[in-house]
Amino acid sequence: MAIDHERRSLIGAAGACALAPIVTRGAAALAPFVARGGAAGAPLLARAASAAAPRVVKVVAKKFVYVPNEIRVRSGETVELQLTAPEVPMGFNLPDFGVRTDVMPGKVAKVRFTADKAGTFTFLCDVFCGTGHEDMSGTVVVT
Amino acid sequence: MNDFDRRQFLQLAGLGGVVLVSAATGAARAADAMGGAPEDFWFVQLSDLHWGFEGPPNPDAKGTLPKAIAAVNALERQPDFVIFTGDLTHTTDDPRERRKRMADVRAMVGDLKVKTLRFIPGEHDASLDNGKAFIENFGETHYTFDHKGVHFIVLDNVSDPGASLGQAQLDWLAADLRAQPADARIVVFTHRPLFDLYPQWDWATRDGAKAVDLLMPHANVTVFYGHIHQENHHMTGHIAHHSAKSLIFALPAPGSQPKRTPLPWDAEHPYQGLGFREVAAHRTPVDYALTELPVAKG
């Protein structure tokens, strides 16, 4: 269990963004141990992987609406938004969490944030995209 | 009232959004009454005409601009020039319709008595074609001019649909400012706020802080802008930023409601919240007396 404890500490200190490579390395290093530990090791890895990977929310930015236009997040949760724009270049800006990106047709734009405060926060298209541009917004609801 | 007190009064009047004087030609009288130097000159700021807009927020959309033009023409003393700080037209996805709206505006503002007109684009004019139609109809989107000792800088933060000035324009601004003495009287015209007024409603310029940084070493800089369809007065250090009312519909105060939707038309008080501004530029001390004027007296 000493190994378990050390690994948890490492994951905790590494933070979400740097976690994926650490888990990969950790999994490889732990393989012999897991094999020896049998069933006891598998849940640990599953738990670690779950904590490591942010929840992915796919968002489509189309004229002139985001789908979905309300994203519900638990307080403290880290979310990765994967944005696509099937028609024209769009923007995604969530000022209260300091994240924005261009969303270009044919590419998936990814932004990640941790919901470190509760409330309802506006996101908007900040790339002028046409006649309905000014109505193109949505909310992140953190509870 | 000595110069310092007068400067302070004017600054406070501006910051509070208080109309300094109510009469159309009152700015000069007010300056005289306060014992300050008479203004060097006047200019008028018209903003956010949105020609082509139709909808309940302004049932007289086609009549408001002509009324504003008539109101400017009725000023007892005509300004030296009129600056239009963007969104002359309401956006359309149709390039031909965009040009038609611009031609309409050009024809209508030709009725102004004052013939020195300056234009800058708003995102509705320029963001869908990088300013192409605007340039065809109104000329360059960023430029400078000098008038009676004031250096005017026109910045374009809309031809990029991402609301950036861009490095090329910032370099151009830096080069222009290097040629100005530190105490030069500088006025900046732009459409969007150069500071983060309320990014949640797109009331910002993505790299506006870089422009403000470039302006900061100059002691006498004032910024006039549009975009937000209401008066707002803000300081970044010693630089004052004044937004103007619209000539089509008013927008809510930043963050005062969930959505940035136009304030409803009030049939009992038509044209409420709409208007234009005259600015008296004073040489000594360097300041600008703002007078907010209605489209129609009601």
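Residues numbered from 1 in each chain as written. Chains lettered and ligands numbered in written order. Predicted model: local features only at pLDDT ≥ 70, side-chain atom pairs only at ≥ 80, totals over all residues.

**Student:** How do you make sense of the sheet that holds strand 2 (residues 81-85) of chain B when you look at a structure like this?
**Tutor:** Strand pairs in the sheet, formed through backbone hydrogen bonds, run parallel or antiparallel to each other. All names here are of chain B. Across the sheet, five strands lie side by side as 3-2-1-10-11; this open sheet has mixed pairing. Bordering the open sheet on either side are strand 3 (117-120) and strand 11 (287-293), each of which pairs with just one other strand. Put simply, the sheet's adjacent strands are angled 20 degrees from each other on average, direction ignored. (Pairing = 2+ DSSP bridges. Helix = DSSP H or I, 4+ residues; strand = E, 2+ residues; numbered from the N terminus. Axes fitted to C-alpha atoms, helices over the stretch in contact; angles between N-to-C directions.)

**Student:** How do you make sense of the interface of chain B and chain A when you look at a structure like this?
**Tutor:** How large an interface is tends to be reported as the accessible area lost when its parts come together. Counting from both sides, the interface comprises 13 residues of chain B and, opposite them, eleven residues of chain A. Residues that form the side of chain B that touches chain A fall into these classes: four nonpolar, five polar and four charged. (Contact = placed C-beta atoms within 7 Å. Nonpolar A, V, L, I, M, F, W, Y, C, P; charged D, E, K, R; others polar.)

**Student:** Hey, could you run me through the nonpolar core in this one?
**Tutor:** Proteins that are soluble and globular tend to have nonpolar side chains buried together. In this structure, L46, L49, A68, V188, L247 and F276 of chain B are the most contacted members of the largest nonpolar core, which totals 68 residues. In this structure, M90, F123 and L124 of chain A together with L128 of chain B belong to the second largest nonpolar core, which totals 26 residues. (Core = buried A, V, L, I, M, F, W, Y, C linked by C-beta atoms within 7 Å. Buried ≥ 20, exposed ≤ 12 C-beta atoms within 10 Å, placed from the backbone.)

**Student:** Got a minute to help me understand the packing of helix 7 (residues 167-178) of chain B against helix 8 (residues 208-215) of chain B in this structure?
**Tutor:** A pair of packed helices can be characterised by two numbers: the angle between their axes and the separation between those axes. Residue and element names in this part refer to chain B. At a minimum axis separation of 10 Å, helix 7 and helix 8 run at an interaxial angle of 10 degrees. When the axes of helix 7 and helix 8 are compared, the pair comes out roughly parallel. On helix 8, the residues that touch L170, L173, A174 and L177 of helix 7 are K210, A211, L214 and L215. Among the residues forming the contact of helix 7 with helix 8, the class breakdown is seven nonpolar, no polar and one charged. (Parallel < 35°, antiparallel > 145°, perpendicular 65-115°, else oblique.)

**Student:** Mind showing me how you'd approach helix 3 (residues 61-73) of chain B here?
**Tutor:** All names here are of chain B. Restricting attention to buried positions, one finds in helix 3 the residues T64, L65, A68, I69 and V72. Down the axis of helix 3, the buried set is contained in an arc of 130 degrees. They therefore lie on one face. Against the buried residues of helix 3 lie strand 1 (41-46), strand 2, helix 4 (95-109) and strand 10 (276-282). (Arc of directions from axis to C-beta.)

**Student:** Help me understand the pairing of strand 1 of chain B, please; the structure alone is not making it clear to me.
**Tutor:** Residue and element names in this part refer to chain B. For strand 1, the tally of buried residues reaches five of six residues, placing the bulk of the element in the interior. Two elements, strand 1 and strand 10, share five bridges in a ladder whose sense is antiparallel. From the neighbouring strand, Q45 faces strand 10, where its bridge partner is R277. Alignment of strand 1 against strand 2, held across four bridges, turns out to be parallel. Each residue of the ladder has a partner; that of Q45, found in strand 2, is I83. As for the winding sense of the linkage, the β-α-β connection from strand 1 through helix 3 to strand 2 is right-handed. (Right-handed = clockwise from strand over helix to strand, strands pointing away.)

**Student:** Would you mind showing me how to read unusual backbone geometry here?
**Tutor:** Only a minority of non-glycine residues have a phi that is not negative, and only a minority of peptide bonds are not trans. Residue P68 of chain A follows V67 of chain A across a cis peptide bond; omega there is -5 degrees. For P68 of chain A, the location among the structural elements is in the loop between strand 2 (65-67) and strand 3 (70-73). Backbone torsion omega between T284 of chain B and P285 of chain B reads -10 degrees, so that peptide bond is classified as cis. In this structure, P285 of chain B sits in the loop between strand 10 and strand 11. One non-glycine residue, H227 of chain B, lies in the positive phi region at around 75 degrees. Along the chain, H227 of chain B falls in the loop between strand 7 (220-225) and strand 8 (232-236). Note on H227 of chain B: 31 C-beta atoms within 10 Å, which makes it buried.

**Student:** Would you mind going over the confidence of the model for chain A with me for this structure?
**Tutor:** Parts of the model with low pLDDT should not have their predicted coordinates read in detail. Looking at chain A, pLDDT values average 75 and 64% of them are 70 or higher. Counted against residues more than four places away or in other chains, residues 1-50 of chain A, with its pLDDT under 50, gives 25 contacts. (pLDDT = per-residue confidence, 0-100.)

**Student:** What should I look at first to understand the pairing of strand 5 (residues 90-94) of chain A in this one?
**Tutor:** All names here are of chain A. The element strand 5 is extensively covered by neighbouring structure, given that five of its five residues are classed as buried. Burial along strand 5 is two-sided: M90, F92 and L94 facing one way and G91 and N93 facing the other are all buried. Examined bridge by bridge, strand 5 and strand 6 (residues 99-103) share five bridges and lie antiparallel to one another. Following the sheet pairing, L94 is matched in strand 6 by V99. Taking the residues between adjacent antiparallel strands as the criterion, strand 5 and strand 6 are bridged by four residues, where G98 takes a positive phi near 65 degrees.

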